[in-house]
Amino acid sequence: MSTPPIVRRFDDLTPFLISPRDTVKLALLAGPSDGSPASVFFEVWEPGGAQPDNSHPESTEIFVVLSGQGLAHSDEHDVPIEAGDVLVLPPGSVHRIENTSATERLYAVTIMAEDAGAMPGGFAHLVASGTPASWDSTDRPTLARAAGQH
């Protein structure tokens, strides 16, 4: 007996803030609870927003930038990122991404290659344990366009 595929609808995705004052929302698309060793998220940075420095000892983190622009800091390196870029952060790097726009959000699909290697308990669990947030009138059309919906 085979396992049926999983389909998620954008309207059913709940974004979370890892901590209540964060300026970055994450919504889980797929992860360990779906039988995947990787976790995949939509991630949205507020204008000028950034997550704190963080590190994932045994997991590569990959960002596919959908819309906006930012600056990725990884150890002693700083690189600009924009829509269409793919950013790969190696395991163990101390990193963060900041949205360099004062008016536009930064949107990405984020892949934690080994969810369990990101931190004890896994990254998807950390996100799901955060503060529920919501999508707004800017998020929905931007993410829908990026996902190929019309």
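Residues numbered from 1 in each chain as written. Predicted model: local features only at pLDDT ≥ 70, side-chain atom pairs only at ≥ 80, totals over all residues. Heavy atoms only, no water.

The name given to the chain in an unreviewed UniProt entry is Cupin domain-containing protein, and the organism recorded there is Amycolatopsis cynarae.

Things to note about the sheet that holds strand β5 (residues 69–74)
Read across the open sheet, the 3 strands follow the order β6-β5-β8; overall the sheet is antiparallel. With partners counted over all chains shown, the strands left at the sheet margins are β6 (77–82) and β8 (95–99), one partner each. Averaged over neighbouring strand pairs, the angle between their axes works out to 20° when direction is ignored. Pairing of β5 with β8, which is carried by 5 bridges, proceeds in the antiparallel orientation. Within β8, the residue paired with A72 across the bridge is I97. (Pairing = 2+ DSSP bridges. Helix = DSSP H or I, 4+ residues; strand = E, 2+ residues; numbered from the N terminus. Axes fitted to C-alpha atoms, helices over the stretch in contact; angles between N-to-C directions.)

Let's talk about the side chain of Q51
Tracing the chain through its elements places Q51 in the loop between β3 (39–45) and β4 (61–67). By relative accessible area, which is 15% here, Q51 ends up buried. A distance of 3.4 Å separates a polar atom in the side chain of Q51 from a polar atom in the side chain of W45. Discounting chain neighbours no more than four positions away, the residues touching Q51 are V24, E43, W45, R96 and I97. (Buried < 20%, exposed > 50% of the residue type's maximum accessible area, 1.4 Å probe, protein only. Polar contact = N/O pair within 3.5 Å; in protein donor to acceptor, adjacent residues only side chain to side chain. Contact = heavy atoms within 4.5 Å.)

Quick look at the packing of aromatic side chains
Tallied over the entire structure, the rule returns 4 aromatic pairs. Measuring from centroid to centroid gives 6.2 Å for F10 and F42, while their planes differ by 70°, and the two rings are edge-to-face. Of the two residues, F10 sits in the segment before β1 (16–17) while F42 sits in strand β3, which places them 32 residues apart along the sequence. A single burial state applies to F10 and to F42, both of which are buried. Relative to W135, the ring of F10 has its centre 5.3 Å away and its plane inclined at 25°; by these criteria the two rings are stacked. Pair noted here: F10 is in the segment before β1 and W135 is in the loop between β10 (131–132) and α3 (139–146), with a separation of 125 residues, a long-range link. According to the relative accessible area criterion, F10 is buried, its value standing at 11%. In this structure an aromatic cluster arises from ring pairing among F10, F42 and W135. (Phe/Tyr/Trp six-rings, centres within 6.5 Å; stacked < 30°, edge-to-face > 60°.)

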